[in-house]
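Spelled out from the first residue to the last, the chains are:
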Amino acid sequence: MTLLDWKEELKTICPSEHISFEEPMSRHTSFRIGGPAECYIVPKDAEELKQVILFAKANAIPFTVIGNGTNLLVSDDGIRGIVIRMEEGSFSEIGTDGDRVLYRADAGVLFSSFAKAAVKLGYSELAYATGIPGSVGGAVVMNAGAYGGEVKDTLRSVTVLTKDGEIVERTAEELQLSYRHSNLSEKEEIVISAVFALKKGSPEEALSLQADYTARRKDKQPLEYPSAGSTFKRPEGYFAGKLIEDCGLRGFQIGGAQVSEKHCGFVINKADATAEDVMQLIGYVQRTVSERFGVVLEPEVRFLGF
Ligand SMILES: Cc1cc2nc3c(=O)[nH]c(=O)nc-3n(C[C@H](O)[C@H](O)[C@H](O)COP(=O)(O)OP(=O)(O)OC[C@H]3O[C@@H](n4cnc5c(N)ncnc54)[C@H](O)[C@@H]3O)c2cc1C
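For the structure given in this document, a descriptive report is provided here.

Criteria and thresholds
- Residues numbered from 1 in each chain as written.
- Predicted model: local features only at pLDDT ≥ 70, side-chain atom pairs only at ≥ 80, totals over all residues.
- Heavy atoms only, no water.
- Pairing = 2+ DSSP bridges.
- Helix = DSSP H or I, 4+ residues; strand = E, 2+ residues; numbered from the N terminus.
- Expected span 1.5 Å × (residues − 1).
- Buried < 20%, exposed > 50% of the residue type's maximum accessible area, 1.4 Å probe, protein only.
- Axes fitted to C-alpha atoms, helices over the stretch in contact; angles between N-to-C directions.
- Parallel < 35°, antiparallel > 145°, perpendicular 65-115°, else oblique.
- Contact = heavy atoms within 4.5 Å.
- Nonpolar A, V, L, I, M, F, W, Y, C, P; charged D, E, K, R; others polar.
- Salt bridge = Lys/Arg side-chain N within 4 Å of Asp/Glu carboxyl O.
- Near = heavy atom within 4 Å.
- Polar contact = N/O pair within 3.5 Å; in protein donor to acceptor, adjacent residues only side chain to side chain.
- Areas by Shrake-Rupley, 256 points an atom, 1.4 Å probe, with all protein chains shown as cover.
- Arc of directions from axis to C-beta.

All right, on to the pairing of strand β11 (residues 167-171) then. Here five bridges tie strand β10 (residues 155-161) to β11, and the two strands are oriented antiparallel to one another. Among the inter-strand pairings, Leu 161 is bridged to a residue of β11, identified as Ile 167. Count of turn residues in the β10/β11 antiparallel hairpin: five residues, of which Gly 165 carries a positive phi of about 85°.

Here's what the structure looks like:
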(Lines give C-alpha, C1' and ligand atoms only; values in the text may rest on other atoms or scores of the structure.)
Protein backbone atom coordinates (compact mmCIF):
# COMPACT_ATOMS: atom_id res chain seq x y z
CA MET A 1 0.00 0.00 0.00
CA THR A 2 1.43 3.41 -0.90
CA LEU A 3 1.62 6.26 1.58
CA LEU A 4 -1.35 7.96 0.01
CA ASP A 5 -3.36 4.76 -0.07
CA TRP A 6 -3.29 4.12 3.66
CA LYS A 7 -4.56 7.61 4.40
CA GLU A 8 -7.43 7.17 1.96
CA GLU A 9 -8.09 3.65 3.24
CA LEU A 10 -8.36 4.95 6.82
CA LYS A 11 -11.40 6.98 5.81
CA THR A 12 -13.27 3.73 5.25
CA ILE A 13 -12.72 2.86 8.93
CA CYS A 14 -13.25 6.26 10.55
CA PRO A 15 -15.58 9.06 9.53
CA SER A 16 -13.40 11.76 7.96
CA GLU A 17 -14.40 14.27 10.68
CA HIS A 18 -12.48 12.10 13.19
CA ILE A 19 -9.27 12.28 11.13
CA SER A 20 -6.90 15.08 10.31
CA PHE A 21 -3.52 15.09 8.61
CA GLU A 22 -0.42 17.11 9.52
CA GLU A 23 -2.18 18.21 12.71
CA PRO A 24 0.05 20.49 14.82
CA MET A 25 0.67 18.71 18.13
CA SER A 26 1.30 22.08 19.78
CA ARG A 27 -2.52 22.35 19.81
CA HIS A 28 -2.84 19.15 21.81
CA THR A 29 -0.11 19.42 24.44
CA SER A 30 -0.08 21.51 27.62
CA PHE A 31 3.50 22.55 26.72
CA ARG A 32 2.05 24.13 23.51
CA ILE A 33 5.03 22.58 21.71
CA GLY A 34 5.28 19.93 19.01
CA GLY A 35 5.36 19.54 15.23
CA PRO A 36 2.64 17.84 13.17
CA ALA A 37 1.14 14.40 13.63
CA GLU A 38 1.17 12.77 10.22
CA CYS A 39 -2.33 11.49 10.95
CA TYR A 40 -4.41 12.44 14.02
CA ILE A 41 -7.50 10.47 14.95
CA VAL A 42 -10.05 10.92 17.71
CA PRO A 43 -12.02 7.64 17.75
CA LYS A 44 -15.58 7.92 18.98
CA ASP A 45 -15.65 4.61 20.87
CA ALA A 46 -13.72 1.43 21.72
CA GLU A 47 -14.81 -0.33 18.53
CA GLU A 48 -13.49 2.47 16.31
CA LEU A 49 -10.28 2.52 18.34
CA LYS A 50 -9.89 -1.22 17.82
CA GLN A 51 -10.41 -0.95 14.05
CA VAL A 52 -7.78 1.81 13.81
CA ILE A 53 -5.25 -0.24 15.81
CA LEU A 54 -5.87 -3.38 13.75
CA PHE A 55 -5.48 -1.33 10.56
CA ALA A 56 -2.23 0.23 11.77
CA LYS A 57 -0.82 -3.18 12.69
CA ALA A 58 -1.89 -4.86 9.48
CA ASN A 59 -0.17 -2.11 7.47
CA ALA A 60 2.87 -1.68 9.74
CA ILE A 61 2.01 1.97 10.43
CA PRO A 62 3.41 3.22 13.74
CA PHE A 63 0.80 4.53 16.18
CA THR A 64 0.89 6.51 19.43
CA VAL A 65 -1.92 6.90 21.95
CA ILE A 66 -2.31 10.13 23.88
CA GLY A 67 -4.74 11.45 26.45
CA ASN A 68 -4.88 15.14 27.27
CA GLY A 69 -1.23 15.72 26.32
CA THR A 70 -0.27 17.09 29.75
CA ASN A 71 2.79 14.93 30.33
CA LEU A 72 4.29 15.08 26.86
CA LEU A 73 7.10 16.72 24.97
CA VAL A 74 6.56 16.24 21.24
CA SER A 75 9.49 16.78 18.87
CA ASP A 76 9.58 19.80 16.57
CA ASP A 77 9.53 17.35 13.65
CA GLY A 78 6.24 15.91 14.87
CA ILE A 79 5.16 12.26 14.98
CA ARG A 80 5.09 9.86 12.04
CA GLY A 81 2.21 7.48 11.59
CA ILE A 82 -1.05 7.74 13.53
CA VAL A 83 -1.63 9.64 16.77
CA ILE A 84 -4.76 8.44 18.51
CA ARG A 85 -6.28 10.87 20.95
CA MET A 86 -8.54 9.43 23.68
CA GLU A 87 -11.04 12.21 24.21
CA GLU A 88 -14.18 12.77 26.27
CA GLY A 89 -16.55 10.05 27.42
CA SER A 90 -18.54 9.72 30.61
CA PHE A 91 -18.44 8.32 34.12
CA SER A 92 -21.11 6.74 36.29
CA GLU A 93 -21.76 4.75 39.45
CA ILE A 94 -21.89 1.05 38.61
CA GLY A 95 -22.36 -0.67 41.98
CA THR A 96 -20.98 -1.17 45.45
CA ASP A 97 -18.48 -3.43 47.12
CA GLY A 98 -18.77 -3.47 50.91
CA ASP A 99 -18.55 0.13 52.08
CA ARG A 100 -17.13 1.33 48.76
CA VAL A 101 -18.98 2.67 45.74
CA LEU A 102 -17.71 1.65 42.31
CA TYR A 103 -17.42 4.25 39.54
CA ARG A 104 -16.51 3.56 35.94
CA ALA A 105 -14.90 6.38 33.95
CA ASP A 106 -13.99 6.33 30.25
CA ALA A 107 -10.29 6.88 29.48
CA GLY A 108 -10.91 10.19 27.72
CA VAL A 109 -12.71 11.82 30.67
CA LEU A 110 -10.67 14.53 32.37
CA PHE A 111 -9.41 13.07 35.64
CA SER A 112 -9.97 16.46 37.31
CA SER A 113 -13.64 16.60 36.19
CA PHE A 114 -14.28 13.11 37.50
CA ALA A 115 -12.46 13.91 40.76
CA LYS A 116 -14.32 17.20 41.26
CA ALA A 117 -17.69 15.48 40.77
CA ALA A 118 -16.65 12.76 43.25
CA VAL A 119 -15.44 15.29 45.81
CA LYS A 120 -18.77 17.14 45.66
CA LEU A 121 -20.42 13.88 46.70
CA GLY A 122 -17.99 13.41 49.59
CA TYR A 123 -15.36 11.11 48.10
CA SER A 124 -12.38 12.88 49.60
CA GLU A 125 -9.96 10.19 48.38
CA LEU A 126 -9.99 11.88 44.96
CA ALA A 127 -9.40 15.43 46.28
CA TYR A 128 -5.71 15.07 45.38
CA ALA A 129 -6.68 14.65 41.70
CA THR A 130 -8.82 17.77 41.24
CA GLY A 131 -5.84 19.77 39.95
CA ILE A 132 -4.23 17.07 37.78
CA PRO A 133 -4.96 18.13 34.20
CA GLY A 134 -4.67 14.73 32.44
CA SER A 135 -7.29 12.22 31.28
CA VAL A 136 -8.36 9.17 33.28
CA GLY A 137 -6.39 6.94 30.87
CA GLY A 138 -3.25 9.04 31.18
CA ALA A 139 -3.64 9.14 34.97
CA VAL A 140 -3.82 5.34 35.15
CA VAL A 141 -0.82 4.87 32.83
CA MET A 142 1.25 7.35 34.87
CA ASN A 143 -0.19 6.32 38.26
CA ALA A 144 -0.71 10.06 38.70
CA GLY A 145 -0.67 11.44 42.20
CA ALA A 146 -0.29 14.47 44.45
CA TYR A 147 -0.45 15.42 48.13
CA GLY A 148 0.01 11.85 49.32
CA GLY A 149 -2.69 10.35 47.08
CA GLU A 150 -2.27 8.39 43.86
CA VAL A 151 -4.36 6.42 41.37
CA LYS A 152 -3.15 3.15 42.92
CA ASP A 153 -5.04 3.91 46.18
CA THR A 154 -8.53 3.61 44.70
CA LEU A 155 -8.20 1.99 41.28
CA ARG A 156 -10.00 -1.36 41.17
CA SER A 157 -9.67 -2.45 37.52
CA VAL A 158 -9.30 -1.25 33.95
CA THR A 159 -10.64 -2.31 30.58
CA VAL A 160 -7.86 -2.34 28.02
CA LEU A 161 -7.34 -3.03 24.35
CA THR A 162 -4.44 -5.46 24.16
CA LYS A 163 -1.84 -5.41 21.44
CA ASP A 164 -3.63 -8.36 19.85
CA GLY A 165 -6.76 -6.27 19.53
CA GLU A 166 -8.68 -7.95 22.34
CA ILE A 167 -10.72 -6.00 24.89
CA VAL A 168 -10.01 -7.43 28.36
CA GLU A 169 -10.30 -6.52 32.05
CA ARG A 170 -7.20 -6.13 34.19
CA THR A 171 -7.18 -5.82 37.96
CA ALA A 172 -5.28 -2.88 39.44
CA GLU A 173 -2.72 -5.38 40.86
CA GLU A 174 -1.92 -6.64 37.37
CA LEU A 175 -0.81 -3.13 36.34
CA GLN A 176 2.07 -3.14 38.85
CA LEU A 177 1.43 0.46 39.78
CA SER A 178 4.31 2.27 41.45
CA TYR A 179 5.55 5.86 41.63
CA ARG A 180 4.48 7.42 38.27
CA HIS A 181 4.56 4.04 36.62
CA SER A 182 2.35 1.20 35.40
CA ASN A 183 3.23 -1.66 33.07
CA LEU A 184 0.65 -0.56 30.46
CA SER A 185 3.09 1.22 28.13
CA GLU A 186 5.54 -1.72 28.17
CA LYS A 187 2.69 -4.09 27.34
CA GLU A 188 1.39 -1.68 24.68
CA GLU A 189 -2.08 -1.80 26.17
CA ILE A 190 -4.57 1.00 25.71
CA VAL A 191 -6.85 2.03 28.56
CA ILE A 192 -10.48 2.23 27.49
CA SER A 193 -12.04 2.76 30.91
CA ALA A 194 -11.22 2.45 34.60
CA VAL A 195 -13.15 1.49 37.73
CA PHE A 196 -12.46 3.27 41.00
CA ALA A 197 -13.70 2.05 44.41
CA LEU A 198 -14.44 5.06 46.59
CA LYS A 199 -15.49 5.50 50.20
CA LYS A 200 -18.13 8.13 50.86
CA GLY A 201 -17.55 10.74 53.54
CA SER A 202 -18.55 14.29 54.27
CA PRO A 203 -18.81 16.56 51.18
CA GLU A 204 -17.83 19.56 53.32
CA GLU A 205 -14.57 17.91 54.39
CA ALA A 206 -13.83 16.71 50.87
CA LEU A 207 -14.46 20.17 49.41
CA SER A 208 -12.29 21.84 52.02
CA LEU A 209 -9.45 19.42 51.19
CA GLN A 210 -9.88 20.26 47.50
CA ALA A 211 -9.76 24.01 48.27
CA ASP A 212 -6.57 23.52 50.28
CA TYR A 213 -4.85 21.58 47.46
CA THR A 214 -6.02 24.10 44.83
CA ALA A 215 -4.60 27.00 46.86
CA ARG A 216 -1.30 25.15 47.34
CA ARG A 217 -1.00 24.53 43.59
CA LYS A 218 -1.74 28.17 42.73
CA ASP A 219 0.76 29.31 45.30
CA LYS A 220 3.61 26.94 44.33
CA GLN A 221 3.19 26.04 40.65
CA PRO A 222 3.72 28.21 37.54
CA LEU A 223 0.20 27.55 36.24
CA GLU A 224 0.28 30.76 34.22
CA TYR A 225 2.83 29.24 31.78
CA PRO A 226 2.53 26.21 29.48
CA SER A 227 4.35 23.18 30.91
CA ALA A 228 3.98 19.44 31.38
CA GLY A 229 3.92 19.63 35.18
CA SER A 230 6.91 18.29 37.10
CA THR A 231 9.63 17.68 34.54
CA PHE A 232 11.51 15.10 36.62
CA LYS A 233 10.51 12.26 38.90
CA ARG A 234 11.30 12.66 42.57
CA PRO A 235 14.68 11.00 43.13
CA GLU A 236 14.73 8.71 46.16
CA GLY A 237 15.52 10.79 49.25
CA TYR A 238 15.51 14.18 47.46
CA PHE A 239 13.24 16.71 45.80
CA ALA A 240 14.11 17.48 42.18
CA GLY A 241 13.12 21.15 42.52
CA LYS A 242 15.36 21.67 45.57
CA LEU A 243 18.39 20.04 43.86
CA ILE A 244 17.88 22.23 40.78
CA GLU A 245 17.50 25.35 42.92
CA ASP A 246 20.64 24.48 44.89
CA CYS A 247 22.55 24.34 41.60
CA GLY A 248 21.62 27.98 41.04
CA LEU A 249 19.40 27.15 38.08
CA ARG A 250 16.24 29.03 39.15
CA GLY A 251 15.14 30.99 36.06
CA PHE A 252 17.89 29.44 33.88
CA GLN A 253 16.82 29.65 30.25
CA ILE A 254 17.76 28.04 26.95
CA GLY A 255 15.94 29.58 23.99
CA GLY A 256 12.33 29.94 25.07
CA ALA A 257 12.47 27.17 27.71
CA GLN A 258 13.05 28.12 31.32
CA VAL A 259 13.49 26.49 34.73
CA SER A 260 10.49 28.13 36.38
CA GLU A 261 11.33 30.93 38.79
CA LYS A 262 8.31 29.92 40.86
CA HIS A 263 9.04 26.16 41.07
CA CYS A 264 12.40 24.81 39.92
CA GLY A 265 10.89 21.35 39.33
CA PHE A 266 8.95 22.74 36.34
CA VAL A 267 10.45 23.51 32.95
CA ILE A 268 8.10 26.04 31.36
CA ASN A 269 7.52 27.33 27.86
CA LYS A 270 8.38 30.93 28.67
CA ALA A 271 8.42 32.35 25.15
CA ASP A 272 7.72 30.26 22.05
CA ALA A 273 10.05 27.46 23.17
CA THR A 274 10.85 24.67 20.74
CA ALA A 275 11.07 21.03 21.77
CA GLU A 276 14.80 21.32 21.07
CA ASP A 277 15.07 24.18 23.63
CA VAL A 278 13.31 22.01 26.24
CA MET A 279 15.48 18.99 25.45
CA GLN A 280 18.65 21.02 25.77
CA LEU A 281 17.48 22.54 29.04
CA ILE A 282 16.53 19.13 30.46
CA GLY A 283 19.97 17.76 29.50
CA TYR A 284 21.74 20.77 31.01
CA VAL A 285 19.81 20.45 34.29
CA GLN A 286 20.49 16.70 34.46
CA ARG A 287 24.23 17.16 33.87
CA THR A 288 24.52 20.00 36.39
CA VAL A 289 22.62 18.15 39.14
CA SER A 290 24.57 14.96 38.49
CA GLU A 291 27.96 16.74 38.63
CA ARG A 292 27.08 18.71 41.75
CA PHE A 293 25.15 16.11 43.77
CA GLY A 294 25.71 12.79 42.01
CA VAL A 295 21.94 12.39 41.63
CA VAL A 296 20.43 11.24 38.34
CA LEU A 297 17.22 13.09 37.49
CA GLU A 298 14.89 10.87 35.50
CA PRO A 299 12.33 12.70 33.35
CA GLU A 300 8.70 12.24 34.32
CA VAL A 301 7.69 13.90 31.06
CA ARG A 302 7.39 11.47 28.15
CA PHE A 303 9.05 12.19 24.81
CA LEU A 304 7.30 11.53 21.52
CA GLY A 305 8.67 11.74 18.01
CA PHE A 306 12.37 11.99 18.92
C1 LIG B 1 0.14 22.10 35.37
C2 LIG B 1 0.32 20.60 35.50
C3 LIG B 1 0.23 20.00 36.74
C4 LIG B 1 0.41 18.62 36.88
N5 LIG B 1 0.29 18.06 38.12
C6 LIG B 1 0.45 16.73 38.25
C7 LIG B 1 0.34 16.12 39.54
O8 LIG B 1 0.08 16.76 40.56
N9 LIG B 1 0.53 14.78 39.62
C10 LIG B 1 0.81 14.01 38.52
O11 LIG B 1 0.96 12.79 38.67
N12 LIG B 1 0.91 14.57 37.29
C13 LIG B 1 0.74 15.89 37.13
N14 LIG B 1 0.85 16.45 35.89
C15 LIG B 1 1.22 15.61 34.72
C16 LIG B 1 0.03 14.99 33.96
O17 LIG B 1 -1.15 15.76 34.14
C18 LIG B 1 -0.20 13.55 34.41
O19 LIG B 1 0.93 12.74 34.15
C20 LIG B 1 -1.42 12.92 33.69
O21 LIG B 1 -1.71 11.71 34.30
C22 LIG B 1 -1.18 12.70 32.20
O23 LIG B 1 -2.43 12.40 31.60
P24 LIG B 1 -2.70 12.76 30.07
O25 LIG B 1 -4.07 12.27 29.74
O26 LIG B 1 -2.44 14.18 29.81
O27 LIG B 1 -1.64 11.83 29.36
P28 LIG B 1 -0.67 12.19 28.13
O29 LIG B 1 0.27 13.25 28.55
O30 LIG B 1 -1.49 12.43 26.92
O31 LIG B 1 0.12 10.81 28.00
C32 LIG B 1 0.97 10.36 29.03
C33 LIG B 1 1.37 8.92 28.74
O34 LIG B 1 0.22 8.10 28.88
C35 LIG B 1 -0.06 7.40 27.65
N36 LIG B 1 -1.53 7.35 27.53
C37 LIG B 1 -2.40 8.38 27.69
N38 LIG B 1 -3.66 7.92 27.61
C39 LIG B 1 -3.58 6.59 27.40
C40 LIG B 1 -4.53 5.54 27.24
N41 LIG B 1 -5.84 5.77 27.27
N42 LIG B 1 -4.08 4.29 27.06
C43 LIG B 1 -2.77 4.01 27.02
N44 LIG B 1 -1.81 4.95 27.16
C45 LIG B 1 -2.22 6.22 27.35
C46 LIG B 1 0.65 8.18 26.57
O47 LIG B 1 1.02 7.34 25.50
C48 LIG B 1 1.87 8.70 27.32
O49 LIG B 1 2.87 7.71 27.39
C50 LIG B 1 0.67 17.83 35.72
C51 LIG B 1 0.75 18.44 34.47
C52 LIG B 1 0.58 19.82 34.34
C53 LIG B 1 0.65 20.44 32.99
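On we go from here.
A few words now on helix α8 (residues 275-293). With 19 residues, α8 extends 27 Å between its outermost C-alpha atoms, agreeing within 8% with the 27 Å of an ideal straight helix rising 1.5 Å per residue. Those residues of α8 that sit buried are Ala 275, Asp 277, Val 278, Leu 281, Ile 282, Gly 283, Val 285, Thr 288 and Val 289. Positive phi appears at Gly 294, one or two residues downstream of α8, with a value of about 65°.

Even without being a glycine, Glu 88 presents a positive backbone phi close to 55°. Relative to the elements of secondary structure, Glu 88 occurs in the loop between β5 (79-85) and β6 (91-97). Given a relative accessible area of 57%, Glu 88 falls into the exposed group. We note that Asn 143 has phi near 45°; this positive angle belongs to a residue other than glycine. With respect to the secondary-structure elements, Asn 143 resides in the loop between α4 (136-142) and β8 (145-146). We classify Asn 143 as buried; its relative accessible area is 0%.

Relative placement of two packed helices is described by the angle separating their axes and the distance separating the axes. Remark: helix α3 (residues 111-120) packs on helix α6 (residues 203-220), axes separated minimally by 8 Å, with the N-to-C direction vectors making an angle of 140°. Relative to α6, the element α3 lies oblique. Contact with α3, carried on its side by Lys 116, Val 119 and Lys 120, involves Pro 203, Ala 206, Leu 207 and Gln 210 of α6 and no other residues of that element. Tallied by class, residues from the contact of α3 with α6 come to four nonpolar, one polar and two charged.

Further remarks concern the sheet that holds strand β12 (residues 190-199). In spatial order, the strands read β6-β7-β12-β10-β11; together these five strands make up an open sheet with antiparallel pairing. Of all the strands in the sheet, just β6 and β11 have a single pairing partner and so form its edges. On average, adjacent strands in this sheet sit at an angle of 25° to one another, irrespective of strand direction. Packing of helix α2 (residues 46-58) onto the sheet brings it into contact with β10, β11 and β12, and relative to β12 it is tilted by some 145°.

Note on sheets: strands pair through backbone hydrogen bonds, and any given pair is parallel or antiparallel. Taken together, three strands build an open sheet; the order of strands is β13-β14-β15 and the sheet is antiparallel. The sheet is open, and its two edges are formed by β13 (253-254) and β15 (267-269), each paired on a single side. When strand β14 (residues 257-259) meets β15, the two strands line up antiparallel, connected through three bridges. Its bridge partner being in β15, Ala 257 is matched across the sheet by Asn 269.

This brings us to the pattern of salt bridges. If you walk through the whole model with that rule in mind, you get 18 salt bridges. We note a salt bridge from Asp 97 to Arg 156, for which the minimum N-O separation is 2.6 Å. Of this pair, Asp 97 sits in strand β6 while Arg 156 sits in strand β10, placing them 59 residues apart in sequence. We note a salt bridge from Arg 170 to Glu 189, for which the minimum N-O separation is 2.7 Å. Of this pair, Arg 170 sits in strand β11 while Glu 189 is found in the loop between β11 and β12, placing the two residues 19 residues apart along the sequence.

Close to the ligand lie 33 residues; Val 65, Gly 67, Thr 70, Ser 135 and Gly 145 are nearest. Between the ligand and the protein, one listed contact pairs an oxygen atom with a backbone N or O atom of Val 65 at 2.6 Å. Here an oxygen atom of the ligand and a side-chain polar atom of Arg 217 are 2.8 Å apart. Starting from 960 Å² of accessible surface for the ligand in isolation, the protein chains cover 92%. Taken together, the elements giving at least two residues each to the shell around the ligand come down to β3 (63-66), α4, β8 and β12. Among the elements that take part in the shell around the ligand, α4 stands out by supplying five residues, more than any other. Of the residues assigned to the shell around the ligand, the class counts are 16 nonpolar, 13 polar and four charged.

What follows deals with α3. Within α3 the residues assigned to the buried category are Phe 111, Ser 112, Phe 114, Ala 115, Ala 118 and Val 119. Taken around the axis of α3, the buried residues stretch over an arc of 160°, which confines them to a single face. Structurally, α3 contributes buried residues whose contacts are with β6, β7 (100-106), α4, α5 (151-154), β12 and α6. Looking at the residues trailing α3, positive phi occurs at Gly 122, about 105°.

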